[in-house]
Amino acid sequence: FVSRYPMAKYVVGVDGGTGGIRAGLFEIATGEPVGFADTPYETRYPQPGWAEQDPNDWWAGMGSSVRKVLADAGVAAADVAGICCDTTCCTVVALDDAGDPLMPCILWMDMRAAEQTEQVLATGDVALRVNSDGAGPVSAEWMVPKALWLKQNRPELFARAAKVCEYQDYVNLKLTGRYCASANNVAVRWHFVDGKPPTSLLAKLGMPELAEKWPKDVMQMGHAVAPLSEAAAAHLGLDAGIPVAQGGADAFVAMVGLGTVRPGQLALITGSSHLHLGVAEGEFHGRGIWGTYSGALVGERSHVVEGGQTSTGSVVNWFKTMCGGGEGFYDEVNAAAALIPPGCEGLVMQEHLQGNRTPHVDPLSRGVVSGLTLRHGRAHVYRSILEGISFGTRLIFDAMRANGYLPESVVVAGGATRSDLWLQIHADVAGIPFKRTKCADAPALGSAVLAAVAAGAHGGDVFAAVDAMVHEEGVVMPRPDVHALYAKPYAAYKATYAATKQLIRRQGKVDLVDLGLDLDLGLGDASPGPRATVCPSLLSADQGNLAGDVSRMIAEGADWLHVDIMDGHFVPNLTIGPPVVAHLRSQAPEAFLDCHLSCTNPDALIDGLAVAKASSVTFHFEVMEDAAACAHLAGRIRSLGMRAAVALKPRTPIESVYPLVDASPPAVDMVLCLSVEPGFGGQKFNPEVCAKVRTLRRRCPDLDIQMDGGVNADTVGAAAAAGANVLVAGSAVFGSPDPSRVIADLRRAVVEAKAEKPWLEE
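Residues numbered from 1 in each chain as written. Predicted model: local features only at pLDDT ≥ 70, side-chain atom pairs only at ≥ 80, totals over all residues. Heavy atoms only, no water.

Draft legend 1. The arrangement of the overall build of the chain in detail. Within the chain one finds 27 helices and 29 strands. For the chain, whose C-alpha radius of gyration is 30 Å, the value lies close to the compact-globule estimate of 27 Å for 762 residues. Projected onto the principal axes, the alpha-carbon positions of the chain cover approximately 100 × 60 × 45 Å. The 762 residues of the chain split such that 59% are buried. Across the chain, contacts joining residues at least 24 apart in sequence account for 72% of those joining residues at least 6 apart. The averaged location of the 84 negative side-chain charges in the chain is 1 Å from the averaged location of its 62 positive side-chain charges. (Helix = DSSP H or I, 4+ residues; strand = E, 2+ residues; numbered from the N terminus. Rg over C-alpha atoms; globule rule 2.2 N^0.38 Å. Buried < 20%, exposed > 50% of the residue type's maximum accessible area, 1.4 Å probe, protein only. Contact = heavy atoms within 4.5 Å. Lys, Arg positive; Asp, Glu negative; His and termini not counted. Charge placed at Lys NZ, Arg CZ, Asp CG, Glu CD.)

Below you can see the structure in the form of structure tokens.
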């Protein structure tokens, strides 16, 4: 290395962003910015959900920006002590032996690997703990799904790729000739565990060779990678030999530039996307969040919890483009939007134009504008975008709180800091003070801090460098009265995702089968015969949040919800009763609540279930005296406005219900044939029950026949082929990272069986 400190007074911090690359020149002692220079590059969107860039544009832009910032500031190359670059994450590149790109990069926001995320999650590998404690989903943005997409969809190119890495690694390779990775990137996006590659995960995916394509050397942020090479120095206009510091993902380097490196601090990084990064005391994992990531920041035992919004500033920029906005557009529209009351007079925006990162982790979600009227104008829509993004941030904060993380302070950086209105909306919606730093370009400053440390300044200590180079400036306080006004719009925002999820997925698909069913999404059964119906069993739901899971299953496309009510006598288990059903009804008025009574005295619960507005009531044949008693009870259930059904244990003969189904009209609306013993979920499917179902279906072509117990992807074929049209599934649905897909697959099996009628075959 060529050591220029303490004679050299400056360092260069480079921020490789989504829209372009920015070089910042900073004083090494104080962090004072001297100047910035930007070079834009193009992003291409060859298909919906795809996003690509040319890596050669990054390198060209970096040379232009560094040369320009030095020239504009009148600073000589000899006065620069070091350089560091942060980049977007996870932007994946495939390189040949010479380090040249074989294809355009798969940009961080690219969602083409959505299918591969399901394969990754299905491995159940320990490396997935950072994905909502292993519950998932896994984001299509991450390294492993994208690499798996390459292997499965571009196998020849994947085989030719000597190196598969990130923007960060590509730039450092160009700067120094050394192929290495950042400890930050591999911890937060590559599923590394304790600094080591996830070899078991890759093996389960049939992709062990990926580890050989990854960099072998992994370096902590702020450590010196290597001296700046002669070729790179000539390209950048710097002197060869100065240290190139290891950087990392732009948002995590921005945490350094915001001074959020100690527990209890949270950084909100705004730009094309929003990223919410909190420093925690120790390791924890939970739903709706990512992390914590161990060793992802600076210091020996750093733990970072993460939330993120995929499209935020990019939505604002999209709106400007749509409006044909030019210079002065933001000043004009901000002034107009400031005059509009909180809530935009009923206009609500869901900002998922490029999917949702957290807490839903849904790459297929899309943007929604609801409540639009002729009264609303351009400023209303603009403000609704700012509010929608702020609602998404609050939703992430709520998810963090639910998992025990309470940030003591929020420091914001990036594009949102340039809008006083947007910052105030953020603070009012979240009810938390938002702090600004003197230098709003936190990623570039963070890179400069790391460059200073690698150059030997501030004792080579990151924390000392942060204290000397990062300075807070101003706090935006929330207004309690305005925060209260946002309660209803925020509730409407939260309801939008559940209400529109299936509609959005339907709009994104065009393959409808002749049977009248969207096979991918299961949006309904229009084919002849008893309707294909899927009802997730609440025995497998979160018992502390039943109402929430009911709403979630409705959003996922469930037809009914199966509610098991057990008295502890007929079966050795005790569950909920009519009061809980009433609560579920109050929270989900549109839900079809299919109540199954495993009780010795079902008659005692009928009036309560009627008051609770149950949709259907099933009682057991085994607790009744005979078929006549069953018919009498079914008649009472129907008289109270509910459907009536009778259930049979696996060993109860199907002939028992013949008097009920042969009556004209039938005495019951449905027969439930249990394929497991009642009382507990998670039991294995008993295929012998299919013979009973087949016999009943031949006898009653138009009757609803329900099967419950062990129904999943492996057993649904047998259940549907026997003639069951109403399927109860518990763990298969609730345990899936994509319940809507499971529900659709179950429904598809029934529809296909209805077309073929295999139960008629001998």
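Draft legend 2. Just the sheet that holds strand β1 (residues 10-16), in detail. The sheet built from 6 strands is open, its strands ordered β3-β2-β1-β5-β12-β11 with mixed pairing. Taken across any chain shown, the strands that pair with only one partner, and hence form the sheet edges, are β3 (33-40) and β11 (224-227). For this sheet, the mean angle separating the axes of adjacent strands, direction not counted, is 20°. As defined by bridge partners, strand β2 (residues 20-27) adjoins β3 across 7 bridges and the pair is classed as antiparallel. Directly across from Ala23, in β3, lies its bridge partner Ala37. Where helix α5 (residues 167-176) meets the sheet, it contacts β1, β2, β5 (80-87), β11 and β12 (243-245), and its direction lies at approximately 150° from that of β5. (Pairing = 2+ DSSP bridges. Axes fitted to C-alpha atoms, helices over the stretch in contact; angles between N-to-C directions.)

Draft legend 3. Fine view of the nonpolar core. Phe252, Tyr293 and Leu297 are the most contacted members of the largest nonpolar core, which totals 88 residues. Once residues lying within four places of it in the same chain are set aside, the contact partners of Leu297 are Gln220, Met221, Phe252, Met255, Val256, Thr260, Val261, Val279, Ser302 and Val304. (Core = buried A, V, L, I, M, F, W, Y, C linked by side-chain atoms within 4.5 Å.)

Draft legend 4. Broad picture of empty space enclosed by the protein. The full count for this structure, using the stated rule, is 2 cavities of 30 Å³ or more. Taken as a whole, the largest cavity spans an internal volume of roughly 50 Å³. Around the largest cavity, the lining residues are Thr30, Gly31, Glu32, Pro33, Lys438, Cys439, Leu445, Met469, Val470 and His471. Residue composition of the lining of the largest cavity, by class: 5 nonpolar, 3 polar and 2 charged. (1 Å grid on protein atoms, 1.4 Å probe; cavity = no way out; pocket = protein on both sides within 12 Å on 5 of 7 lines; lining within 4 Å. Points joined across faces, edges and corners; volume = space filled by probe spheres on them. Nonpolar A, V, L, I, M, F, W, Y, C, P; charged D, E, K, R; others polar.)

Draft legend 5. Main features of the pattern of salt bridges. Counting across every chain of the model gives 32 salt bridges. Ionic pairing is found between Glu42 and Arg44, a salt bridge with its closest N-O pair at 3.2 Å. When its relative accessible area of 46% is taken as the criterion, Glu42 is described as partly exposed. Counted as one network, the salt bridges with shared partners bring together Arg22, Asp38, Arg418 and Asp441. (Salt bridge = Lys/Arg side-chain N within 4 Å of Asp/Glu carboxyl O.)

Draft legend 6. Fine view of the packing of helix α11 (residues 313-322) against helix α13 (residues 378-402). Packing of α11 against α13 brings their axes to within 10 Å, and their N-to-C directions diverge by 170°. The angle between the axes of α11 and α13 places the two elements in the roughly antiparallel class. Along its contact with α11, which presents Val315, Val316 and Phe319, the element α13 presents Arg378, Val381, Tyr382, Ile385, Leu386 and Ile389. Grouping the amino acids of the contact of α11 with α13 by side-chain chemistry returns 8 nonpolar, no polar and 1 charged. (Parallel < 35°, antiparallel > 145°, perpendicular 65-115°, else oblique.)

Draft legend 7. Examining unusual backbone geometry more closely. Here Cys89 and Cys90 are connected by a cis peptide whose omega angle stands at 5°. Relative to the assigned elements, Cys90 resides in the loop between β5 and β6 (92-95). In the segment running from Ser664 into Pro665, the intervening peptide bond is cis, with an omega of -5°. Its place among the elements puts Pro665 in the loop between α23 (658-661) and β27 (670-674). The phi angle at His191 is positive, at roughly 65°, despite the residue not being glycine. Mapped onto the secondary structure, His191 falls in the loop between α6 (183-189) and α7 (199-204). By relative accessible area, His191 is classed as buried at 1%. Phi angles above zero are rare outside glycine, and Glu345 is one such case at about 55°. Within the element layout of this structure, Glu345 appears in the loop between α12 (329-338) and β17 (348-350).

Draft legend 8. Geometry of the packing of aromatic side chains. Throughout the structure, instances matching the rule amount to 18 aromatic pairs. Aromatic side chains Trp50 and Trp149 sit 5.5 Å apart centroid to centroid with 90° between the ring planes, which places their arrangement in the edge-to-face category. You can see Trp50 sitting in the loop between β3 and β4 (52-53) and its partner Trp149 sitting in helix α3 (residues 143-153), a full 99 residues away along the chain. Judged by its relative accessible area of 17%, Trp50 is buried. Look at Trp58 and Tyr170: their rings are 5.8 Å apart centre to centre, the planes differ by 75°, and that puts the pair in the edge-to-face class. Taken together, the positions of Trp58 in helix α1 (residues 55-73) and Tyr170 in helix α5 put the pair 112 residues apart, joining distant regions of the chain. In this pair, the class of Trp58 matches that of Tyr170, namely buried. Looking at Arg112, its charged tip hangs above the ring of Trp50, at a distance of 3.7 Å from the centre. (Phe/Tyr/Trp six-rings, centres within 6.5 Å; stacked < 30°, edge-to-face > 60°. Lys NZ or Arg CZ within 6 Å of the ring centre and 35° of its normal.)

Draft legend 9. Expanded view of the environment of Leu633. Looking at the secondary structure, you find Leu633 in helix α22 (residues 627-639). Sequence separation between Leu633 and Ala645 is 12 residues; the distance between their C-alpha atoms is 9.9 Å. Ignoring anything within four residues of it in the chain, the contact list for Leu633 reads Pro602, Asp603, Ile606, Phe619 and Met624.

Draft legend 10. Representation of the side chain of Thr496 within the structure. On the secondary structure map, Thr496 appears in helix α18 (residues 487-507). Judged by its relative accessible area of 8%, Thr496 falls in the buried class. Ignoring any residue separated from it by four or fewer positions in sequence, one finds Thr496 in contact with Val348, Gln350, Val368 and Ser370.

Draft legend 11. Quick peek at the pairing of β27. Along β27, 5 of the 5 residues are buried, which leaves the element largely enclosed by surrounding structure. Residues of β27 alternate between two faces, with Met670, Leu672 and Leu674 on one and Val671 and Cys673 on the opposite face, all of them buried. The sheet contact formed by strand β26 (residues 643-648) and β27 spans 4 bridges and is parallel. Bridge pairing links Leu648 to Cys673 in β27. Pairing analysis gives 5 bridges linking β27 to strand β28 (residues 704-708), with the strands arranged parallel. Residue Cys673 lies in a different strand from β28, and its bridge partner there is Met707.

Draft legend 12. Geometry of the side chain of Ser65. Along the chain, Ser65 falls in helix α1. The class of Ser65 is buried, set by a relative accessible area of 1%. Polar contacts involving the side chain of Ser65 include one to the main-chain carbonyl oxygen of Ile21, which spans 3.0 Å. In this structure, Ser65 is in contact with Ile21, Ala23, Ala37, Asp38 and Thr39, ignoring residues within four places of it in sequence. (Polar contact = N/O pair within 3.5 Å; in protein donor to acceptor, adjacent residues only side chain to side chain.)

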